[in-house]
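# Summary of the model geometry
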Amino acid sequence: VQLQASGPGLVKPSETLSLTCTVSGGSISHYYWTWIRQSPGKGLEWIGYVYYSGVANYNPSLSSRVTISADTSKNQVSLKLTSVTAADTAVYFCATSSVGSNYYYDSWGQGTLVTVSS
Amino acid sequence: DVQMTQSPSTLSASVGDRVTVTCRASQTIGTWLAWYQQKPGKAPKLLIYDASNLQSGVPSRFSGSGSGTEFTLTISSLQPDDFATYYCQQYHGYSLYTFGQGTKLEIK
């Protein structure tokens, strides 16, 4: 399975960051899909996951601002993060497990850089 | 929240060396731990899951051990392709999966 994250590379402060992860080579059905981000020069931060059915779970530090959803008709997963600040500048990865695990990730997208700036 | 602390932050080693990276959890996590390798500009690559299970396709020079709060990733004989940054990740519980801060493995 191949994952391709896409979306605007520049978002203004206080606006909403919206990214899409397009999955090819397989169906999103019956799998968990996770978003992880990495601030420039920093480590990895787990954002949250969605099951194909729509059940989601989020990092408590972001839960008031984040929504992850799945669209089986388009074979896509999306991430929305509201009220962004410069601290949300990062490379955003979508990831999954080919064995259906919810815990660790053996398939990753290439990552997409989102810069928050006016 | 479970905090993950890796040591060292940077490790200098030579080709052929045996190296060990340590990851400590702030509370017990059983064997709910994975290790990843990341190279600049690339996504992380899964090496080990459930603390000691080698991911398919990963060379056998990589191994993981530990349980509870202390875990290690060992590379038995460093190869040129192994110089990268390594991260541990815990997945105990249901609400937050956290990563260590990373260990950069450099050429001595």
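The structure under discussion appears in the preceding block.
In short, a report on the structure. Just so you know, these numbers come straight off a predicted model, no measurement behind them. (Residues numbered from 1 in each chain as written. Chains lettered and ligands numbered in written order. Predicted model: local features only at pLDDT ≥ 70, side-chain atom pairs only at ≥ 80, totals over all residues. Heavy atoms only, no water.)

## Details of the overall build of chain A
For clarity, the threshold we go by: Secondary structure counts use DSSP, requiring at least four H or I residues in a row for a helix and at least two E residues in a row for a strand, with both numbered from the N terminus. All radius of gyration figures rest on C-alpha atoms, and the globule criterion is 2.2 Å times the number of residues raised to 0.38. For the exposure calls, accessible area comes from a 1.4 Å probe over protein chains only, and a residue counts as buried if that area is under 20% of its type's maximum, exposed if over 50%, partly exposed in between. Working rule for contacts: check all heavy atoms of both residues, and any pair within 4.5 Å makes them a contact. Methods summary: accessible areas were calculated by the Shrake-Rupley approach with a probe of 1.4 Å, and residue burial reflects only the protein chains presented.
Counting its secondary structure elements, chain A contains zero helices and 11 strands. Against the compact-globule benchmark of 13 Å for 118 residues, chain A has a radius of gyration of 13 Å, which places it among compact chains. Based on the C-alpha atoms only, the size of chain A along its principal axes is roughly 40 × 25 × 25 Å. Looking at the 118 residues of chain A, the share that counts as buried comes to 45%. Nonlocal contacts in chain A, meaning residues at least 24 apart in sequence, comprise 51% of its contacts between residues at least 6 apart. Taken as a whole, chain A presents about 5,100 Å² of accessible surface, with 50% of it coming from carbon and sulfur.

## Overview of the overall build of chain B
For chain B, the helix and strand inventory stands at zero helices and 10 strands. Element order for chain B, N to C, with α for helix and β for strand: β-β-β-β-β-β-β-β-β-β. Taken against the 2.2 N^0.38 rule, which gives 13 Å for 108 residues, the C-alpha radius of gyration of chain B at 13 Å falls within 12% of a compact globule. Over its C-alpha atoms, taken along the principal directions, chain B stretches across nearly 40 × 25 × 25 Å.

## A closer look at the pattern of salt bridges
So the rule is basically this: Salt bridges, as used here, are contacts in which a Lys or Arg side-chain nitrogen is within 4 Å of a carboxyl oxygen on Asp or Glu.
In this structure the tally under the stated criterion is seven salt bridges over all chains. Across the pair A:Arg37 and A:Glu45 runs a salt bridge whose closest N-O atoms are separated by 2.7 Å. We classify A:Glu45 as partly exposed; its relative accessible area is 25%. Put simply, B:Arg24 and B:Glu70 hold a salt bridge, and the shortest N to O gap is 3.1 Å. Taken together, the residues span a long stretch of sequence, with B:Arg24 in strand β3 (residues 19-25) and B:Glu70 in strand β8 (residues 70-75) at a distance of 46 residues. Within this structure, A:Arg37, A:Glu45, A:Arg65 and A:Asp88 form a network of salt bridges that share partners.

## As for the interface of chain A and chain B
This is how it is decided: Two parts placed together each lose some accessible area under a 1.4 Å probe, and adding up what both lose gives the buried area. We define a polar contact as two N or O atoms separated by no more than 3.5 Å, with the added condition that, inside protein, one atom must be a possible hydrogen donor and the other a possible acceptor, whereas residues neighbouring each other in sequence contribute only through side-chain atom pairs. Residues are sorted three ways: Asp, Glu, Lys and Arg are charged, Ala, Val, Leu, Ile, Met, Phe, Trp, Tyr, Cys and Pro are nonpolar, and all the rest, Gly among them, are polar.
Listed per partner, the contact involves 20 residues of chain A and 19 residues of chain B. The junction of chain A with chain B conceals about 1,700 Å² of combined surface from both sides, 64% of it contributed by carbon and sulfur atoms. Three residues, A:Leu44, A:Tyr103 and A:Tyr104, lead the burial of chain A against chain B; their summed loss comes to 41% of the area buried on that side. Counting across the chain A and chain B interface gives zero salt bridges. Inspection of the chain A/chain B interface yields seven residue pairs in polar contact (both at pLDDT 80 or more). In terms of residues, the side of chain A that touches chain B owes the most to one element, strand β5 (residues 44-51) of chain A, which gives four residues. For the side of chain A that touches chain B, a count of residues per class yields 11 nonpolar, six polar and three charged.

## A word on the sheet that holds strand β6 (residues 53-54) of chain B
What counts here: Between any two strands, pairing holds if DSSP finds at least two bridges.
Pairing within the open sheet is mixed, and its six strands lie in the order β2-β10-β9-β4-β5-β6 (chain B). Single-partner strands in this sheet number two, and they are β2 (10-13) and β6 of chain B.

## Some words on the state of the cysteines
All names here are of chain A. For clarity, the threshold we go by: Count a disulfide wherever a pair of cysteine sulfur atoms falls within 2.5 Å.
Enumeration over the complete set of coordinates arrives at two disulfides over all chains. Linked covalently through their sulfurs, Cys21 and Cys94 form a disulfide whose S-S length is 2.2 Å. Measuring the twist about the S-S bond at about 70 degrees, one finds the Cys21-Cys94 disulfide to be right-handed. With Cys21 in strand β3 (residues 17-24) and Cys94 in strand β9 (residues 90-96), the pair connects residues that are 73 residues apart, well separated along the chain. Residues Cys21 and Cys94 agree in their burial class; the two are buried.

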